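An overview of the molecular structure
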Amino acid sequence: MSLGREPGLPFLPGCAFRDAMKTSFHRSQTLGYKNGFAFSRLPTVGIGGERLYVNQLSQAELDDLSNQRPTLTYGPAKRAPPSGFIPAHVAFDKKILKFDAYFQEDVPLSAEEHYRIRQVGIYYYLEDDTMSVIEPVVQNSGLPQGKLIRRHRVPKNDHGKHYHWKDLNRGMNITMYGRTYRIVDCDPFTQVFLESQGLELNPPEKMVFDPYTELRRMPVRKYITPSDFDQLKQFLTYDKQVLRFYATWDDTNSIFGENRPYVIHFYLADDTVEVREVYKQNDGRDPFPILIKRQRLPKTFADNKKTFPSCVLEISDQEVLEWFTAKDFAVGKTITLLGRTFFIYDCDEFTRNFYRDKFGITDFQPVEIKKKSLEEVPQVIPPYNGFGVLEDSLQNCFSLFPKPPRKDIIKMLENDHKVLRYQVALESPNPEDRKRRFILSYFLSNDMISIYEPPVRNSGIIGGKYLGKTRVAKPGSTTENPTYYEPSDLTIGSTIEVFGHRFVITDADEYVLNYMESNAKSFPAATLQSLRDHFRPRDIPMLQTNKQELDELIVQVQEELNHKNLNKKNIQEVFLRCDKDGSGILDKAEVLALCDSLGVPTNTILLNKLIDLCSCGEDKINYHDFLRAFPS
């Protein structure tokens, strides 16, 4: 007798009996493999290998049997054929969601606009979830427009996600590649599709326009009723008929201005004005014939705002109230054309006939133009600055390209290498400077002066060139009339001023005396006498030593000439007449010529010796001592 539960008894307490002899309690295997794939199977025996009296069907099979009760009763039902599979690229082909959007762009380098609004269209392709951004092309915008973002799956964030149509809605901002777009509206298809998918759309917004573009929009053209004036009739009537006026433009009030003649042409065919210049030969101007080209000239401008520019390239009827016509021109009248005032003084014969027939004007008396006398502006010479030679520096005031002053070539050739040398002392309150001695050289070829200081040992003063060759002006001379030192001003004991330093002439070279005596007519007697008085004491010792010999020789000559009939009074008068400067010295050749003319024998030994003793220099004779031999 088994101690387990009897078949047919419910599994309730008291209806089951435990088998005390049972030792196996394992469960049967329900995992199986088929063709390498694992699958589950129903157990065939119970725990410990007991027989299973329960239903061996699975829950899915039981559910299937519960649904097949009508089938078991009424037989199998006829099933409908399955619907065909449609892929996404076929179902959503050519179905695109379009959104209207705009983005704002900064304009940093413009004074007229600070930002720019650019309108774009965002397209979403449902077949492959791609997007593209396209900006409508505006002609002459100067901006790279068209396709801004090509068609592809646009990344949404850094996590690898992409934008989906569920992320798009009206009234929202969307950022793609660092640029933020504002979606304001969509087309009707997009609205219907999103609402069919259960997406609640935001209300649409107004599109924002670019303020600078709106500012530049041309105003609406206002149509004005045309007047009854026939321009074609005017052209056909007055074609090739031109009024000619002769005028002047007085510009003498401005610097370098003058009174210039012009010819004014007024074309009757279209009421245009032309101003031409009058070209004259050798007037120093380039031949530009047109001053004002042929155009309509405004007479009265409209009252514009202050922001309107005063000078525009093209003047329209909106800025001008009245244009110049033929009645605005007349002989003797002043007219202003584009800011220049012209005075009309005459016209041609055709112009006179036109005004006589058209306006009844008969007074065409030409106006005589009087030229203003130019004011002579005196030339002001600036003061001498001390640099360079005065004549050389003065040339900069006379010419833009100064030329060197002209030199006296004949004087330079005649007096070449002729130098007058003087010894001068510096006049100074300093005792050390009073002892300094200088050599002043006067060059006769160009009237220049140089000063040289001979070096003195142990004097503490470095000698050498003190003043280079230059012309020295006298004190008180001006740049207009400069006066320079001449040889006649260099007398013994005189004081000369050289660029603020005063020098006293203490001595001179014997060549100075000889040169001045040979050219006595060119120098004053006072200058020559000062040199003679300076050199005469030097000859006194020589005269004292030879005085006794000269007296003895004069006695011998008188004894020799006593037996000859000579007019001694006439001899003295001739010698005094030849000495025009009264210096008492004549040339040796001149003395010999006078002696021959007077019959004085000069071939004797005594007379030749007398002439030698009376010599006072090279080829010079003191005729006072010579005439002692011929007492009157």
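Presented here is an overview of the structure given in this document. (Residues numbered from 1 in each chain as written. Predicted model: local features only at pLDDT ≥ 70, side-chain atom pairs only at ≥ 80, totals over all residues. Heavy atoms only, no water.)

Some remarks on the side chain of Thr-190
Checked against the element boundaries, Thr-190 lands in helix α4 (residues 188-196). Polar side-chain contacts of Thr-190 include one of 2.2 Å to the side chain of Asp-187. Apart from residues no more than four positions distant in its own chain, Thr-190 is found in contact with Ile-96, Leu-97, Lys-98 and Phe-99. (Helix = DSSP H or I, 4+ residues; strand = E, 2+ residues; numbered from the N terminus. Polar contact = N/O pair within 3.5 Å; in protein donor to acceptor, adjacent residues only side chain to side chain. Contact = heavy atoms within 4.5 Å.)

Section: the pattern of salt bridges
A complete count under the given rule lists 26 salt bridges for this structure. Of the charged contacts in the structure, one is a salt bridge between Asp-167 and Lys-156, with a shortest N-O distance of 3.4 Å. Here the residue Asp-167 occupies a position in the loop between β6 (146-152) and β7 (172-176), and Lys-156 occupies one in the loop between β6 and β7, the gap between them amounting to 11 residues. Residue Asp-167 is classed as partly exposed on the basis of its relative accessible area, which comes to 24%. Residue Glu-274 is joined to Arg-276 by a salt bridge in which the shortest nitrogen-to-oxygen separation is 3.6 Å. Take Glu-274: its relative accessible area is 9%, and that puts it in the buried class. Several salt bridges converge on common partners, so that one network encompasses Glu-105, Glu-113, Arg-116, Arg-118 and Glu-135. (Salt bridge = Lys/Arg side-chain N within 4 Å of Asp/Glu carboxyl O. Buried < 20%, exposed > 50% of the residue type's maximum accessible area, 1.4 Å probe, protein only.)

As for the sheet that holds β6
What the 6 strands build is an open sheet, ordered β6-β5-β4-β3-β8-β7; its pairing is antiparallel. At either margin of the open sheet sits one strand with a lone partner, and together these are β6 and β7. The mean inter-strand angle of the sheet, taken between neighbouring strand axes irrespective of direction, is 30 degrees. Where strand β4 (residues 115-125) meets strand β5 (residues 130-135), 5 bridges bridge the pair, whose relative direction is antiparallel. Of the residues in β5, the one forming a bridge with Tyr-123 is Ser-132. Contacting β3 (96-106) and β8 (179-186), α4 runs over the sheet at an angle of about 115 degrees to β3. (Pairing = 2+ DSSP bridges. Axes fitted to C-alpha atoms, helices over the stretch in contact; angles between N-to-C directions.)

Observations regarding the packing of aromatic side chains
Applying the stated criterion across every chain yields a total of 18 aromatic pairs. Geometrically, the ring pair formed by Tyr-466 and Phe-503 is edge-to-face, given 5.9 Å between the ring centres and 80 degrees between the ring planes. Linking Tyr-466 in strand β20 (residues 464-470) with Phe-503 in strand β22 (residues 501-508), this pair joins segments that are 37 residues apart in sequence. Ring pairs connect the aromatic residues Tyr-238, Phe-245, Phe-266, Phe-324, Phe-329, Phe-354, Tyr-355 and Phe-359, which therefore count as one cluster. Taking NZ or CZ as reference, Arg-340 lies 4.3 Å from the ring centre of Trp-249, over its face. (Phe/Tyr/Trp six-rings, centres within 6.5 Å; stacked < 30°, edge-to-face > 60°. Lys NZ or Arg CZ within 6 Å of the ring centre and 35° of its normal.)

What to know about unusual backbone geometry
Trans peptide bonds make up the majority, and among non-glycine residues the majority have a negative phi. A positive phi is found at Lys-94, a non-glycine position, where the angle reads about 60 degrees. Along the chain, the position of Lys-94 falls in the loop between α3 (88-91) and β3. Lys-94 sits in the exposed class, given a relative accessible area of 74%. Although it is not a glycine, Asp-129 sits at a positive phi angle of roughly 55 degrees.

Section: the nonpolar core
Judged by nonpolar contacts, the single largest core of 27 residues is most densely connected at Tyr-422, Leu-440, Ile-451 and Phe-503. Aside from chain neighbours lying at most four places away, what touches Phe-503 is Val-424, Ala-425, Leu-426, Phe-438, Ile-451, Tyr-466, Ser-494, Thr-495, Ile-496 and Val-498. (Core = buried A, V, L, I, M, F, W, Y, C linked by side-chain atoms within 4.5 Å.)

Quick notes on the sheet that holds β20
One key point about sheets: their strands pair by backbone hydrogen bonds, in either a parallel or an antiparallel sense. Read across the sheet, 6 strands follow the order β20-β19-β18-β17-β22-β21 without closing on themselves; strand pairing throughout is antiparallel. One side of each edge strand has no neighbouring strand; the edge strands of this open sheet are β20 and β21 (495-498). On average, adjacent strands in this sheet sit at an angle of 30 degrees to one another, irrespective of strand direction. Both strand β19 (residues 448-453) and β20 contribute to a ladder of 4 bridges, which runs antiparallel.

Some points on the side chain of Asp-447
Tracing the chain through its elements places Asp-447 in the loop between β18 (437-443) and β19. Judged by relative accessible area, which is 17%, Asp-447 ranks as buried. Reaching out from Asp-447, the side chain makes a polar contact with the side chain of Tyr-442 at a distance of 3.3 Å. Each residue touching Asp-447, except ones within four places of it in the same chain, is listed here: Lys-411, Tyr-442 and Arg-471.

Brief notes about a nonpolar patch on the surface
The grouping of Leu-57, Leu-62 and Leu-65 at the surface amounts to a nonpolar patch, some 210 Å² of accessible area in total. One can find Leu-57 in the loop between β2 (37-40) and α1 (59-67). A relative accessible area of 35% places Leu-57 in the partly exposed class. (Patch = residues over 30% accessible without salt bridge, like charges linked within 9 Å, V, L, I, M, F, W, Y side chains within 5 Å. Areas by Shrake-Rupley, 256 points an atom, 1.4 Å probe, with all protein chains shown as cover.)

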